[in-house]
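Each chain, written out:
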Amino acid sequence: MKPFEYTRLSTDDLSSDTALYDTTFLAGGTNLVDLMKYGVEKPDAIADIGQLPYDQIEEFADGLRLGALATNADTAYHPAVKNKYPVLNKAILSAASSQLRNRATNGGNLLQRTRCYYFYDTAMPCNKREPGSGCAAIKGFNRIHAILGTSASCIATHPSDMCVALAALEAKVHILRKGATLVMPFDQIHRLPGEHPEKDHNLEPGDLITHIELPNEGFSQNFEYLKIRDRESYAFALVSVAACLKVSAGKIEDVRVALGGVAHKPWKLKEVEHEFIGKEASTENFKSLAEKLIKGAQGFGTNNFKIPLVKRAIVRALNNALNPS
Amino acid sequence: MMLNIGNKQQRVDGPQKVSGSATYSADITSQFYHAYVLQSSIACGSITALDTSAAEAFEGVKGIFTHKNLPERLKNRVDYTDPLSPPGKPFRPFYNNKILYNGQPIALVVAETFEQARYASSLIKVTYKEEEFKGSLYENLKNASADRTPDPASNRGDFKKAFKNSEYTITQEYRQSRNYHNPMEPHATSVEYKDDGSIVVYDKIQGVGSSLKYLNGVFGLGADKVQVKSDFVGGAFGSGLRPQYQLFMATLAALELKRNVQMVMTRAQMFSFGYRPEVIHTMKLGCSKDGTLQALSHRTVGETSTFEDFNETIVDWSGLLYKCEHVNLEYELTPVQSYTPLDMRAPGGVSGVYALECAIDELAHEAGIDPLEFRRKNYVDYDQNEDKPFTSKELMACYDRCEELFGWKNKKTSSENEPHLLTGFGMATGSWEALQQPASVSLTMDENGMFTIKCATADIGTGTYTVMSQIAADKLGVPIEKIEFKLGDTAYPDSPIEGGSWTVSSVGSAVAGVCKKFQYRIADVWKRNNPDYQQVDFDAILFQDGNLEYDAKTFSFAEIMQQASKEELSIAHNEAKIEGQTTHSGYAHCCVMVEVTVDQDLGIIKVPRIVNVSAAGKIINPKTAENQLLGAMIWGLGMALREEGMVDSKYGRIMNANFAEYHIAVNADVHNIHAEFVEEKDDKVNPLGAKGVGELGIVGLASAISNAIYDATGKRLRKLPMLLDDILEV
Ligand SMILES: Cc1cc2nc3c(=O)[nH]c(=O)nc-3n(C[C@H](O)[C@H](O)[C@H](O)COP(=O)(O)OP(=O)(O)OC[C@H]3O[C@@H](n4cnc5c(N)ncnc54)[C@H](O)[C@@H]3O)c2cc1C
Ligand code: SF4
């Protein structure tokens, strides 16, 4: 890999923010280091944030704070997560392997990059890796690619499971930008590829994620995280659904549905969810919700199957959430 | 004394492996320069310019090798073949500027560290004149030709007529995608360069003799100039049957730089050479009203490279497994722009039997006969391809035992809570050759009664060290602790390559042979020094616990052999093939049954249960044998539902050259899995009566899963791997 400068950040460094702009943060390294070995990422300087004090998981009156440096494993197994936000527990545990989850951090999980085959191979054209070089996936292998919110320049997906649950829970992300704290709603973190697939998210260089805030409502009674993949463990989602419900007397009081594996960001449409509030929690309505949520979906050949699959997965997930086993 | 053969002996090399002290080829600790290969990014064309200046200037770089500076002596009258080269011209690294496949090695960077070499390789600027990639097997079917393949088993009877007259027929096409070996240990070669210009080569290979032959041919190094060693191999599955390019690279660099050089492939580079080829089968089968198989035709077209004609025994299996008088077998090859395929666990057998066992299932259903009964009905007890009897065949006992264990006739249970889940049962027959090859071994005893037995064979994780120690202990009559079996060194007596599941039968028989010879020697020395016993009949002597026993008297081997000359303490032996190997056909057999569940909405296929019952002659070590079967069965599951080498249709490049996207089966995919053996007595297959089991377990498994999916859903997925989208779309 390309030689790079390595520094370890301490809390003191955070006040003098300018130094951070030209560095790449290293957290667990499970994604970044891989990409450096492949020559996909070639940072000149790396700032190891592993020593910063953002590894706590704290309960507070309005919810739960997940430190950006807490590991995925510690997060999933934290009692508050298990009891109050079981959809998040299930999503995290469906991801990667236990070794990776022990190493991977929450901040890193948010900003992990796509698993598009062509993005990973520097011999291939890819607009995300090398803007303007073309997108080899559109006419190539796109079995793991997006069907929603795609653009002519990129059809990649965001690969995270955790983020799908965080989207459903309507988490907020706390960011340290130039010494000041910025709070971003979860759906504003990631973006659609548009003309600039090289940008995965709306953070600016030097922005440091400090923690993720979960609101009080955790949907601990009626939830499901359904992940459909090519093997029973250790594979990214072809399609995943985080479904959360609040039901009273058979009527939907609140519903959240976020999708993974179908777009450049976790896919969630607040307006569609709103439409179903007050309606009967029935398979018919779940089907209708699914249709509306994936309206305009487009396949690119080998990923066409995702369109019928994701509809059925949404209905299954909502039914499972409604009738916990 | 307790016998070792037939015992679940723990692996004698187990402690070394679990403690990390087993030295694989990349574990040699001399000071090495490290080599890294740059690969082509196009599939076809030529290199027009290659600028290595930036790479040369990079810190730590010691040398760069490309087609521009390949030593002249490696170009003329040089023999690049190895003992398993198929017809054609083997790949010659850096021979010229032509690109034959995407991922071809085009430059070798040697540096002080691996990371320096890897990064420096990315600084090499390559300019190509690119030509169009002409696609994979399917796009090139028009070029299929039987001229490139050896003739399959002869046709018999009148297929056309018999097929026409059959009451029930099926005609179907089955496709298998390309599979990669993916052993845990990546290929590696460490070369130690000695002052006198000789080299010691630690290579990942399934037979050190192959590396030696290759180095002799390419670099002109005689046996006095090169020694090849390979103590441990971390799985190979056929990927080490031929020397791979890291051997060439590390040796070239060591000889040119006169330094120790090591090259370890990356996981991605493990996808830059051989693989199990993509094949397309066309099956036509017909049977009579009562389910008697009347006509069978099997045509297979497989991919090969543009420079070698890689062939397997695929269609012959269809002429062998069931009784059928009218058989037509055809096998053709189509060159594609890729590296040459390579034998992979049960090469050919896996492919041929996959198509056959799916087709048999389809025909049984056409005829309305239970698939197990259909197979029993068409059972055959002689080799129709060769017109020979079998050395032994207890397949019927496998069917019976498997049926009982699995509960083939039981009603499928479906869960009320999960109405979307469909359950299905499927089965298949499997078979693999039981071959014996000539092998040589040597044996030495020391003054303490410790025995060292040497042979240039390999242990690719199969348990050769253990099994040979067991055989020697019993055949000498000593405790197993007294045996040290040594392998993987060209200084040792010749062995066939470790492949074809023939190591136990070949090397094992040679070990048994040398031990018998040594017992005669002990008896001779004993008689010579004990005049009273001159006339004792050899068969009246007992050899056990390291002692010779006669007439209630005990003499220790060590004691007897104190009287022997130094020469008498060592003995060599060449074991030829047993006669039965020519007069009879030797095969191991199995029956495999699986249960699958299919989520009919989401397409998810799971395999909650697999049962395999095998007949493989004498089982020397039930533990290592069961390990082999289970491993092969899990791979069969992977082949059926997971594995696919994805070749991009425009670029001809493998797009999933990593463990995240090339899906091998993982623990979570494996649920209830069971393997066991039935008794099979065989005195013709080899002196041990043992048949190899390294490959058997993978044969048939993919068809059993395919057949079970049909049973569950009524859908025939005539392709591998079978993915959830296939369920959704059929
Ligand atoms: C084989 C494999 C399988 C996997 N399977 C799955 C799966 O099934 N599902 C799934 O969801 N994930 C999966 N993963 C991905 C895994 O979850 C991520 O690699 C991991 O979450 C990244 O976390 P990290 O701490 O190691 O990040 P790093 O690799 O250290 O960083 C990733 C990126 O985030 C940036 N970053 C990290 N922390 C911060 C911060 N606090 N502020 C700002 N920027 C930051 C880094 O600069 C870098 O760009 C898999 C990974 C592998 C290797
Ligand atoms: S889909 Fe996006 S990431 Fe993949 S090749 Fe196209 S541009 Fe690159």
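Conventions and cut-offs
Residues numbered from 1 in each chain as written. Chains lettered and ligands numbered in written order. Predicted model: local features only at pLDDT ≥ 70, side-chain atom pairs only at ≥ 80, totals over all residues. Heavy atoms only, no water. Helix = DSSP H or I, 4+ residues; strand = E, 2+ residues; numbered from the N terminus. Rg over C-alpha atoms; globule rule 2.2 N^0.38 Å. Buried < 20%, exposed > 50% of the residue type's maximum accessible area, 1.4 Å probe, protein only. Pairing = 2+ DSSP bridges. Axes fitted to C-alpha atoms, helices over the stretch in contact; angles between N-to-C directions. Contact = heavy atoms within 4.5 Å. Domains from an automatic or database assignment. Buried area = accessible area lost by both parts, 1.4 Å probe. Salt bridge = Lys/Arg side-chain N within 4 Å of Asp/Glu carboxyl O. Polar contact = N/O pair within 3.5 Å; in protein donor to acceptor, adjacent residues only side chain to side chain. UniProt positions renumbered as here; feature names shortened; annotations may be inferred. Core = buried A, V, L, I, M, F, W, Y, C linked by side-chain atoms within 4.5 Å. Near = heavy atom within 4 Å. Nonpolar A, V, L, I, M, F, W, Y, C, P; charged D, E, K, R; others polar. Expected span 1.5 Å × (residues − 1). Areas by Shrake-Rupley, 256 points an atom, 1.4 Å probe, with all protein chains shown as cover. Parallel < 35°, antiparallel > 145°, perpendicular 65-115°, else oblique. Left-handed = near helix turned anticlockwise from the far one by under 90°. Phe/Tyr/Trp six-rings, centres within 6.5 Å; stacked < 30°, edge-to-face > 60°. Lys NZ or Arg CZ within 6 Å of the ring centre and 35° of its normal. Arc of directions from axis to C-beta.

You'll find chain B entered in an unreviewed UniProt entry as Xanthine dehydrogenase molybdenum binding subunit apoprotein, with Leeuwenhoekiella polynyae given as the organism.

For chain A, the name recorded in an unreviewed UniProt entry is Xanthine dehydrogenase YagS FAD-binding subunit, with Leeuwenhoekiella polynyae as its organism.

**Student:** Where do I start with the overall build of chain A in this structure?
**Tutor:** Of regular secondary structure, chain A possesses 11 helices and 11 strands. For chain A, the C-alpha radius of gyration of 19 Å lies close to 20 Å, the compact-globule estimate for 325 residues. In terms of overall dimensions, chain A has C-alpha extents of about 60 × 50 × 30 Å along its principal axes. For chain A, with 325 residues in total, the buried portion stands at 57%.

**Student:** Help me understand the sheet that holds strand E27 (residues 672–677) of chain B, please; the structure alone is not making it clear to me.
**Tutor:** Adjacent strands of a sheet form backbone hydrogen bonds with each other and so pair up, either parallel or antiparallel. All names here are of chain B. A sheet is described by the order of its strands in space; here four strands give the open sequence E17-E25-E26-E27, paired in mixed fashion. With one partner strand each, in any of the chains shown, strand E17 (421–433) and E27 form the two edges of the open sheet. Neighbour-to-neighbour, the strand axes of the sheet open up by a mean angle of 15°, direction not taken into account. Those strands touched by helix H10 (residues 395–406) are E17, strand E25 (587–599), strand E26 (605–615) and E27, and its axis lies near 25° from that of E25. Set on the sheet, helix H15 (residues 622–641) makes contact with E26 and E27; between it and E27 the angle comes to about 135°.

**Student:** What is the right way to read the domain arrangement of chain A from this model?
**Tutor:** Quoted interface sizes are often the accessible area lost when the parts come together. Residues and elements named next belong to chain A. Here the domain parsing of chain A yields domain 1 (57–110 + 158–215) and domain 2 (223–322). The straight-line distance from the C-alpha centre of domain 1 to that of domain 2 is 20 Å. In this complex, domain 1 contributes 28 residues to the contact, which on the side of domain 2 involves 25 residues. Together, the buried faces of domain 1 and domain 2 total about 2100 Å²; carbon and sulfur atoms form 63% of this surface. Between the two partners, domain 1 and domain 2, sit five salt bridges. Here lysine 227 ties to aspartate 161 by a salt bridge, and the two come within 2.8 Å at their closest N and O atoms. Counting across the interface, domain 1 meets domain 2 through 12 residue pairs in polar contact (both at pLDDT 80 or more). Elements with a contribution of two residues or more to the side of domain 1 that touches domain 2: helix H4 (86–93) and helix H8 (162–168). Per element, the largest residue contribution to the side of domain 1 that touches domain 2 is five residues, and it comes from H8.

**Student:** Teacher, can you tell me more about the interface of chain B and chain A here?
**Tutor:** On the side of chain A, 33 residues touch chain B, which itself brings 35 residues to the contact. Contact between chain B and chain A buries roughly 3100 Å² in total, counting both sides, with carbon and sulfur atoms accounting for 60%. Counting every contact that joins chain B to chain A gives four salt bridges. Where A:Arg316 meets B:Asp601, a salt bridge forms, and the shortest distance between an N and an O atom there is 3.0 Å. Along the contact surface separating chain B from chain A lie 13 residue pairs in polar contact (both at pLDDT 80 or more). If you list the elements that add at least two residues to the side of chain B that touches chain A, you get helix H3 (114–122) and helix H17 (724–729) of chain B. With four residues, H17(B) is the largest single contributor of residues to the side of chain B that touches chain A.

**Student:** Help me understand the UniProt feature "domain: Aldehyde oxidase/xanthine dehydrogenase a/b hammerhead" (unreviewed entry) in chain B in this model?
**Tutor:** The UniProt record annotates "domain: Aldehyde oxidase/xanthine dehydrogenase a/b hammerhead" (unreviewed entry) at residues 19–132 of chain B. Helix and strand shares over residues 19–132 of chain B are 13% and 31% respectively, and the end C-alpha atoms of the span are 50 Å apart.

**Student:** I keep staring at the side chain of B:Ser585 and nothing clicks. Help me out?
**Tutor:** As for its position among the elements, B:Ser585 is in the loop between helix H14 (580–583) and E25. Apart from residues no more than four positions distant in its own chain, B:Ser585 is found in contact with B:Asp383, B:Glu386, B:Lys388, B:Pro389, B:Phe390 and B:Thr391.

**Student:** Would you mind showing me how to read the nonpolar core here?
**Tutor:** Within soluble globular proteins, side chains that are nonpolar tend to cluster in buried spots. Residues and elements named next belong to chain B. Formed by 93 residues in total, the largest nonpolar core has its most connected members in Leu285, Val594, Val596, Ile705 and Ile709. Sequence-distant contacts of valine 594, defined by excluding residues within four places in its chain, comprise Phe406, Gly424, Phe425, Gly426, Val607, Arg609, Ile610, Leu701, Ala704, Ile705 and Ala708. In terms of nonpolar packing, the next biggest core, distinct from the first, is built from 55 residues, Val78, Ile199, Phe248 and Tyr275 among them.

**Student:** Help me out: how do you make sense of the site of ligand 2 in this one?
**Tutor:** Surveying the vicinity of ligand 2 reveals 14 residues, the closest of which are A:Cys116, A:Cys126, A:Cys135, A:Cys154 and A:Ile155. Looking at the shell around ligand 2 residue by residue, the classes come out as 10 nonpolar, three polar and one charged.

**Student:** Could you clarify how one ought to interpret helix H11 (residues 306–322) of chain A in this entry?
**Tutor:** Each α-helix turn comprises 3.6 residues. Residues three or four places apart therefore point the same way. Between its first and last C-alpha atoms H11(A) spans 24 Å; for 17 residues at 1.5 Å apiece the expected length is 24 Å, and the two agree. Along H11(A), the residues that are buried comprise A:Lys306, A:Leu309, A:Val310, A:Ala313, A:Ile314, A:Val315, A:Arg316, A:Ala317, A:Leu318, A:Asn319 and A:Ala321.

**Student:** Can you walk me through the site of ligand 1 in this structure?
**Tutor:** Residue and element names in this part refer to chain A. Surrounding ligand 1, one finds 33 residues, the nearest of these being Phe25, Gly29, Thr30, Thr105 and Asp161. Here asparagine 31 contributes a backbone N or O atom positioned 2.9 Å from an oxygen atom of ligand 1. Protein chains shield 95% of the accessible area of ligand 1, which is 970 Å² for the free molecule. Elements with a contribution of two residues or more to the shell around ligand 1: strand E2 (24–26), helix H1 (32–37), helix H6 (106–111) and strand E8 (208–215). Looking at which element gives the most residues to the shell around ligand 1, the answer is H6, with four residues. Taken domain by domain, the shell around ligand 1 gets at least three of its residues from each of domain 1 (57–110 + 158–215) and domain 2 (223–322).

**Student:** Quick question: what am I supposed to make of the pattern of salt bridges here?
**Tutor:** Opposite charge on two side chains permits them to pair, given that their charged atoms come into close proximity. Residues and elements named next belong to chain A. According to the stated counting rule, one finds 56 salt bridges over all chains in the structure shown. Here aspartate 254 ties to arginine 256 by a salt bridge, and the two come within 3.7 Å at their closest N and O atoms. On the basis of relative accessible area, aspartate 254 is assigned to the buried category, the value being 17%. Bridged by salt links that share partners, the residues Glu170, Asp254, Arg256, Lys268, Lys270 and Glu273 form one connected network.

**Student:** What exactly am I supposed to notice about the packing of helix H11 (residues 464–476) of chain B against helix H12 (residues 503–529) of chain B here?
**Tutor:** A packed helix pair is summarised by two numbers, namely the angle formed by the two axes and the spacing between the axes. Residues and elements named next belong to chain B. Interhelical geometry of H11 versus H12 gives an angle of 30° and a closest axis separation of 9 Å. Comparing their axes, H12 and H11 come out roughly parallel. In the packing of H11 onto H12, the handedness of the crossing is right-handed. In contact with Thr464, Val467, Met468, Ile471, Ala472, Lys475 and Leu476 of H11, H12 contributes Thr503, Val504, Val507, Gly508, Val511, Ala512, Cys515, Phe518 and Gln519.

**Student:** Explain the side chain of B:Asn182 here, please?
**Tutor:** All names here are of chain B. Considering the arrangement of structural elements, one finds asparagine 182 in the loop between strand E7 (168–176) and strand E8 (188–193). Taking the relative accessible area as the measure of exposure, asparagine 182 reaches 10% and is therefore buried. Those residues in contact with asparagine 182 that sit more than four places away from it in its chain are Phe237, Arg267, Phe271, Phe659, Tyr662 and Ile664.

**Student:** Whenever I open this one, the packing of aromatic side chains confuses me. Can you help?
**Tutor:** Any aromatic ring pair is given by two values, namely how distant the centres are and how the planes are angled relative to each other. In the structure shown here, the tally under the stated rule is 42 aromatic pairs over all chains. With a centroid separation of 6.4 Å and 90° between ring planes, the pair formed by B:Tyr245 and B:Phe273 is classed as edge-to-face. Of this pair, B:Tyr245 sits in helix H6 (residues 245–257) while B:Phe273 sits in the loop between strand E11 (261–264) and strand E12 (279–287); the two residues are 28 residues apart in sequence, bridging distant segments of the chain. Measuring from ring centre to ring centre gives 5.6 Å for B:Phe538 and B:Phe543, while their planes differ by 40°; the resulting arrangement is tilted. Of the two residues examined, B:Phe538 and B:Phe543, each falls in the buried class. Just above the ring of A:Phe276 sits the side chain of A:Lys279; from NZ or CZ to the centre is 4.8 Å. The cationic tip of B:Arg92 hangs over the ring face of B:Tyr95; the distance from NZ or CZ to the ring centre is 3.6 Å.

**Student:** What's the story with the packing of helix H8 (residues 349–366) of chain B against helix H16 (residues 701–713) of chain B in this structure? I'm lost.
**Tutor:** Residue and element names in this part refer to chain B. Look at H8 against H16: their axes get within 8 Å of each other, and the N-to-C directions meet at 30°. Here H8 is positioned roughly parallel relative to H16, judged by the angle of their axes. Handedness of the H8/H16 crossing: right-handed. Contacts from Val353, Tyr354, Glu357, Cys358, Asp361 and His365 of H8 reach H16 at Ala702, Ser703, Ser706, Asn707 and Tyr710. Residue composition of the contact of H8 with H16, grouped by class: five nonpolar, four polar and two charged.

**Student:** Quick question: what am I supposed to make of helix H10 (residues 283–293) of chain A here?
**Tutor:** Within H10(A) the residues assigned to the buried category are A:Asn285, A:Phe286, A:Leu289, A:Ala290 and A:Leu293. In a view along the axis of H10(A), the buried residues occupy a sector of 145°, so they form one face of it.

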